Amino acid sequence: MATPTPNDPKKPAQPGQPAKPGQPAKPPAAQPGQPAKPQGAQPAKPAQPAKPGAAQPAKPAAGPPAKPQPAKPVAKKKEKSAVRTLGVILVDLGFIDDAQLASIEEEARQTDIHLDRIAMDRGLLNEDQLLQAMAELHGMALVNMDEVKPTPEAIKAVPQNMAELYKMLPLKMEADVLTVVMSDPNNLMALDDLRNMLGIRQVTAQLGPLSKIEAALAKAYSTTKEESIGDLIASLASDMDMGFGKRENSIDIASVEEMANAAPVRKLVNMVLLMGIKDHASDIHFEPFEDEFKMRYRCDGVLYEMVPPPRHLATAISSRIKVMSNLDIAERRLPQDGRIELNIGGNTVDMRVSVLPTMFGESIVVRVLDKGRVGLDLDKIGMPQDILVQFREMISKPNGISLVTGPTGAGKTTTLYSALSELNLITDKLITTEDPVEYEIEGLIQCQINHEIDLTFASALRAILRQDPDKILVGEIRDLETAQIAIQASLTGHMVFSTLHTNDAPGSVTRLRDMGVEPFLITATVEGILAQRLVRRICPVCKTEFEPSRDQIMELNLKPEDTRGKKFYFGEGCDKCNNLGFKGRTGIYELLVMNDDLRDLISKGGSTDQLRAYTRSKGNRGLRERGLDALFSGLTTIDEIVRETVLDEES
Ligand SMILES: [Zn+2]
């Protein structure tokens, strides 16, 4: 998971000052460890107010699929509602009449749109009325939000961060039972999350409109200063009773368990994980060293360090994460893999937990897979129009191999999923094999690689071919065996998508040849190769023009005259970007489409350099040129382009 991405993001030097390579400026003020402001304006995803999910009245309140209904917590459910559908309730409440219901039901049947949505679109129902009906349907109490008064105990029990992410207003906390107000009666799994994270006996829910919940949250927490991770760590540091020394040879399990469940440790781990989700981190790292315990997280491809917790809490923190991921806390000598699933704002956030025993304790990396967050859309990943047209043509061929290449973290998976989403038609069967499954896409059959039981890309691919697929995604071609089966699949009439780890598109041909693939098989199957990188986008709010120094222009391998008339920008840092100066990322792409001349060159054993020279002579722009395009159009900074495209070119 560790990638060669530099750890020290540097801001472009201030106008006038030369950027000193090798002496990167400290990442701007905002240490992710200190959540800065409760940037409530931008939650993971605006939860749909009162999700119209319950329009299938036969089985109301079914949470997200797969997982069994939690037995213990949740609101008292629909005792008497078992036979009453939402439609009937709407009639009973006098919101619509029988004739309207019949007509709505007919439309719902034909369009597959939920009944409540239709009623609202027709103007028969407003949000309050829908909520009232939902409350009745699910047997939940409807809260009059103008009169609610959250108790101080309830507000204290749930950190602001958590309440905001889950969009739940803590109402009261009595005898280890927390009552919250939520807007989505279908998201009962979230109550389970809260119960586990807070370590309390039960969470019950009442219903209220989202807008009022958000307003009440802002008010309830306005007087309590949000406790930052830094504050919590400072208070933990003084408490030397907790924790163990650094050579934890003889620790008994009972005390580890007790420590892992201690309220402050629970709270710290919750806060770190939730903040990672909120800031869209891709990975969260917990790293024990001899004298310190580091926490870092990766955002937009760059690692940031948080305030380190006291060293003596290392075992407690790692044990807590292991408890949350259902791992064996007694096993401390072998690597383990687990997962944590949270249900936040109507999305499932899946966290893959990897535990590695090291010299000084267990190193843990949590990979955050926020499946609901990514909009998988080829039009939105920063592909220039000319490449987009050719790429679409390439992926829609009936058979062949389409490759995407680049280092880890270059966004290859997002590109391929965006391609698959576009090809995801009911007339085609799409099967994927991945390590791990990063996004769940409806309509795709997705198969997870499992090395422990020898389910490899090659063996999964063999099985997939017996499943009558039309299009296949193989997470990565790492070896000759996988390459051969992919080629076989392509030759037998399938379109195969996969990734490789090479610097650029011409390099991929050489890589396949080095694996042992015959050149004539490459030319017979590979339709095209897309190379890509991700660069951070300058925050549009604090984007500022500046005049680069000579040194900076030289870093780009350009002469001053090359940049005449060009404008350069960087982000000064603002509230909207956590003072980072960047917001999100965009792709830099190079596309090599196979043609007869190229096939000829490959068959003759042309080297990477020869292939590259040939494609350039035909006007195919490489990653560096494409990177400069992005730079000159003001999307990103000099440093980003130097790091992602120029240095590669030199090596
Ligand atoms: Zn900004």
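Up top is the structure.
Residues numbered from 1 in each chain as written. Predicted model: local features only at pLDDT ≥ 70, side-chain atom pairs only at ≥ 80, totals over all residues. Heavy atoms only, no water.

**With respect to the overall build of the protein**
- Within the protein, the regular secondary structure consists of 23 helices and 18 strands.
- Within the span of the protein, comprising 651 residues, buried residues form 52% of the whole.
- Expressed as a percentage of contacts within the protein between residues at least 6 apart in sequence, the contacts between residues at least 24 apart total 68%.
- Counting only carbon and sulfur atoms, one obtains 50% of the accessible surface of the protein, whose full area is about 29,100 Å². (Helix = DSSP H or I, 4+ residues; strand = E, 2+ residues; numbered from the N terminus. Buried < 20%, exposed > 50% of the residue type's maximum accessible area, 1.4 Å probe, protein only. Contact = heavy atoms within 4.5 Å. Areas by Shrake-Rupley, 256 points an atom, 1.4 Å probe, with all protein chains shown as cover.)

**Brief notes about unusual backbone geometry**
- Along the chain, D435 connects to P436 via a cis peptide bond; the corresponding omega equals -5 degrees.
- Following the sequence through the fold, P436 ends up in the loop between β11 (430-434) and β12 (445-448).
- Phi angles above zero are rare outside glycine, and A175 is one such case at about 50 degrees.
- With respect to the secondary-structure elements, A175 resides in the loop between β1 (169-174) and β2 (177-182).

**Considering helix α17 (residues 505-515)**
- Counting buried positions along α17 yields nine of 11 residues, so the element is predominantly enclosed.
- Burial in α17 covers these residues: A505, P506, G507, S508, V509, T510, L512, R513 and M515.
- Of the residues trailing α17, G516 is marked for its positive phi of about 115 degrees.

**Details of the coordination of the zinc ion**
- Of the protein atoms, only C539 (SG), C542 (SG), C574 (SG) and C577 (SG) coordinate the zinc ion, at distances of 2.3 Å.
- For the zinc ion, the four donor atoms in the first shell make angles of 106 to 114 degrees at the metal, so the coordination geometry reads as tetrahedral. (Donors = N, O, S within 2.8 Å, 3.2 Å for Na, K, Ca; no water. Tetrahedral: all angles 85-135°; square planar, octahedral: opposite > 155°, others 65-115°.)

**Section: the packing of aromatic side chains**
- Summed over all chains, the structure comprises two aromatic pairs.
- Seen in terms of ring centroids, F546 and F570 are 5.4 Å apart; in terms of plane orientation they differ by 85 degrees. Their pairing is edge-to-face. In this pair, F546 sits in strand β16 (residues 543-546) while F570 sits in strand β17 (residues 568-571), placing the two residues 24 residues apart along the sequence. The two residues F546 and F570 agree in class, both being buried.
- Ring geometry for F568 against F632: centres 5.9 Å apart, planes inclined by 85 degrees, an arrangement best described as edge-to-face. (Phe/Tyr/Trp six-rings, centres within 6.5 Å; stacked < 30°, edge-to-face > 60°.)

**Re the sheet that holds strand β3 (residues 202-207)**
- Reading across the sheet, the three strands line up as β1-β2-β3 and stay open at both edges, with mixed pairing between neighbours. What marks the edges here is a single partner per strand, and that holds for β1 and β3. Within the sheet, the average angular offset between the axes of one strand and its neighbour, ignoring direction, is 25 degrees.
- Bridging between β2 and β3 involves six bridges; their strand directions are parallel. In the strand pairing of β3, V177 is matched with Q202. (Pairing = 2+ DSSP bridges. Axes fitted to C-alpha atoms, helices over the stretch in contact; angles between N-to-C directions.)

**Quick word on the sheet that holds strand β9 (residues 361-370)**
- Strands sit in the order β6-β5-β4-β9-β8-β7 across an open sheet of six strands; the sheet is antiparallel. Edge positions in the open sheet fall to β6 (302-305) and β7 (336-344), since each of these has one partner strand only. The sheet shows a mean angle of 20 degrees between the axes of neighbouring strands, direction not considered.
- Sheet analysis places β7 next to strand β8 (residues 347-358), joined by nine bridges and oriented antiparallel. Its bridge partner lying in β8, I344 is registered against N347.
- Across the sheet, helix α12 (residues 314-324) touches β4 (281-288), β5 (293-299), β7, β8 and β9, and the angle it forms with β9 is around 45 degrees.

**A word on the nonpolar core**
- In terms of nonpolar packing, the biggest core is built from 94 residues, with Y166, L169 and F286 touching the most fellow members.
- In terms of residues, this core owes the most to one element, helix α11 (residues 263-278), which gives nine residues.
- The residues contacting L169, other than those within four sequence positions of it, are M145, V148, P150, T179, V180, V181, I213, A216, L217 and A220.
- Counting residues in hydrophobic clusters, the runner-up holds 50 residues, among them A483, I487, A505 and Y614. (Core = buried A, V, L, I, M, F, W, Y, C linked by side-chain atoms within 4.5 Å.)

**Re helix α16 (residues 480-491)**
- Here α16 contains 12 residues, and its C-alpha end-to-end distance of 16 Å stays within 8% of the 16 Å for a straight helix at 1.5 Å per residue.
- For α16, the set of buried residues is T482, A483, I485, A486, I487, A489 and S490.
- Buried residues in α16 make contact with β10 (400-405), α15 (457-465), β13 (471-474), β14 (495-500), α17 and α18 (519-525). (Expected span 1.5 Å × (residues − 1).)

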